[in-house]
Amino acid sequence: MRITYYGHSCFGINSNQQALLFDPFISPNELAKEINVDELDCNYLLISHGHADHIADAERIAKRTNATIVSNYEIVTWFAEKGLEKGHPMNLGGKWKFDFGTLKYVNAVHSSMLPDRSYGGNPGGFLLEIEGKTIYYAGDTALFSDMKLIGEYNRPDLAFLPIGDNFTMGIEDAVIAADFIQCDRIIGMHYDSFAPIKIKHENAIEAFRKAGKELILMNIGGSLEL
Ligand code: NI
Ligand code: MN
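Residues numbered from 1 in each chain as written. Chains lettered and ligands numbered in written order. Predicted model: local features only at pLDDT ≥ 70, side-chain atom pairs only at ≥ 80, totals over all residues. Heavy atoms only, no water.

**Q** Go over the coordination of the nickel ion (ligand 1), please, and point to the residues and values.
**A** The protein atoms donating to the nickel ion (ligand 1) are His49 (NE2), His51 (ND1), His110 (NE2) and Asp140 (OD), with metal-donor distances spanning 2.2 to 2.3 Å. Read in sequence order, the donor residues for the nickel ion (ligand 1) give the motif H-x1-H-x58-H-x29-D. Here the manganese ion (ligand 2) and the nickel ion (ligand 1) are spaced 3.0 Å from one another, each receiving a donor from Asp140. Here His110 is found in the loop between β8 (101-107) and β9 (124-130), whereas its partner Asp140 is found in the loop between β10 (133-137) and α4 (147-153), with 30 residues between them in sequence. (Donors = N, O, S within 2.8 Å, 3.2 Å for Na, K, Ca; no water. Helix = DSSP H or I, 4+ residues; strand = E, 2+ residues; numbered from the N terminus.)

Structure follows, in structure tokens:
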């Protein structure tokens, strides 16, 4: 499968003829200005929580692609009220078998309010089983000890963790999170897009290396094969 980075916490996963897109925040992101939102391929739009830096382009993409919006009940309902009725509502701890694989909506320690100040439900992350691989997309979150459950029972092959600090966990805590989830291969997200979350890439990579783990900081527009 192919993983592509679109900046901030937005990634595409292409697999089994399906295109998944996580947390689209592209057009307002100066760092992602080379990306054309209107060319992205998408069958499923996965939204971790309601903050604008995770849903900014969701409506535009869903309207064009007719993608299924997968998120918590409150967010899927909010989009349905805007006329985007192709949604799959979930809630924390629940999983569902989709045609691309199995997805579980898991805890995140954060907040969630939609741009019009509507209640966005509880924030979450996604645990994805796809093509025999387990992938954890943490969403925006603090470090929390229940991540150990993911390590004990799921052992992801790859994890997307926020590393930018201030709004989410920073590098130090993300290294601990990688340990809790028992994953050695981490893709960093939620960094550099705004002044308070700018990081020194070499320091972040080095902190993970010291812990025996690989931190991948993808180029925006860049892809990797898993
Ligand atoms: Ni957030
Ligand atoms: Mn955020």
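From this point, the discussion proceeds with the structure in view.
**Q** A description of helix α3 (residues 73-81) should follow, citing residues and the corresponding values.
**A** Owing to its 3.6 residues per turn, the α-helix aligns residues three or four sequence positions apart on the same side. For α3, the complete set of buried residues consists of Ile75, Val76, Trp78 and Phe79. Seen along its axis, α3 keeps its buried residues to an arc of 155°; they face one direction. Next to the buried residues of α3 lie α1 (52-55), α2 (58-65), β5 (68-72) and β6 (87-90). Of the residues flanking the end of α3, it is Gly83, one or two places downstream, whose phi is positive at about 95°. (Buried < 20%, exposed > 50% of the residue type's maximum accessible area, 1.4 Å probe, protein only. Arc of directions from axis to C-beta. Contact = heavy atoms within 4.5 Å.)

**Q** So, the pairing of strand β1 (residues 2-5): which residues are in play, and what are the values?
**A** Note: β1 against strand β2 (residues 11-15), four bridges, orientation antiparallel. Bridge assignment links Ile3 to a residue of β2, and that residue is Ile13. Linking β1 to β2, which pair antiparallel, is a turn of five residues; within it Gly7 sits at a positive phi near 95°. The sheet contact formed by β1 and strand β14 (residues 223-225) spans three bridges and is antiparallel. Looking at the pairing, Thr4 lines up with Ser223 of β14. (Pairing = 2+ DSSP bridges.)

**Q** Requested: an account of the sheet that holds β1, with residues and values cited.
**A** Within a sheet, neighbouring strands are paired by backbone hydrogen bonds and run either parallel or antiparallel to one another. If you trace the seven strands from one edge of the open sheet to the other, you get β6-β5-β4-β3-β2-β1-β14, paired in mixed fashion. Two strands close off the open sheet at either side, each with one partner strand: β6 and β14. This sheet shows a mean twist of 20° between the axes of neighbouring strands, independent of strand direction. Sheet topology places strand β3 (residues 18-22) next to strand β4 (residues 44-46); three bridges connect them, and they run parallel. Looking at the pairing, Leu20 lines up with Tyr44 of β4. Docked against the sheet, α3 engages β5 and β6, running at close to 140° with respect to β5. (Axes fitted to C-alpha atoms, helices over the stretch in contact; angles between N-to-C directions.)

**Q** Any details on the side chain of Ser193? Residues and values, ideally.
**A** One can find Ser193 in the loop between β12 (185-189) and α6 (201-210). Among the polar contacts made by the side chain of Ser193, one reaches the side chain of His8 at a distance of 2.6 Å. (Polar contact = N/O pair within 3.5 Å; in protein donor to acceptor, adjacent residues only side chain to side chain.)

**Q** Outline the coordination of the manganese ion (ligand 2), listing residues and values.
**A** Tetrahedral metal sites with four donors have an ideal angle of 109.5 degrees; octahedral sites with six donors have ideal angles of 90 or 180 degrees. Protein-derived coordination of the manganese ion (ligand 2) comes from Asp53 (OD), His54 (NE2), Asp140 (OD) and His190 (NE2), at a distance range of 2.1 to 2.2 Å. For the manganese ion (ligand 2), the single-chain donor residues occur in sequence as D-H-x85-D-x49-H.

**Q** Account for the pairing of β8, with residues named and values stated.
**A** Moving residue by residue along a regular strand, the side chains alternate between the two faces of the sheet. Judged by how many residues are buried, β8 sits mostly within the fold: five of seven residues are covered. Here strand β7 (residues 95-98) runs beside β8; their pairing, made up of four bridges, is antiparallel. Across the sheet, Phe98 pairs through a bridge with Gly101, a residue of β8. Linking β7 to β8, which pair antiparallel, is a turn of two residues. Pairing analysis gives six bridges linking β8 to β9, with the strands arranged antiparallel. Bridge pairing in β9 links Leu103 to Leu128.

Limitation: the analysis is restricted to geometry and does not speak to function.
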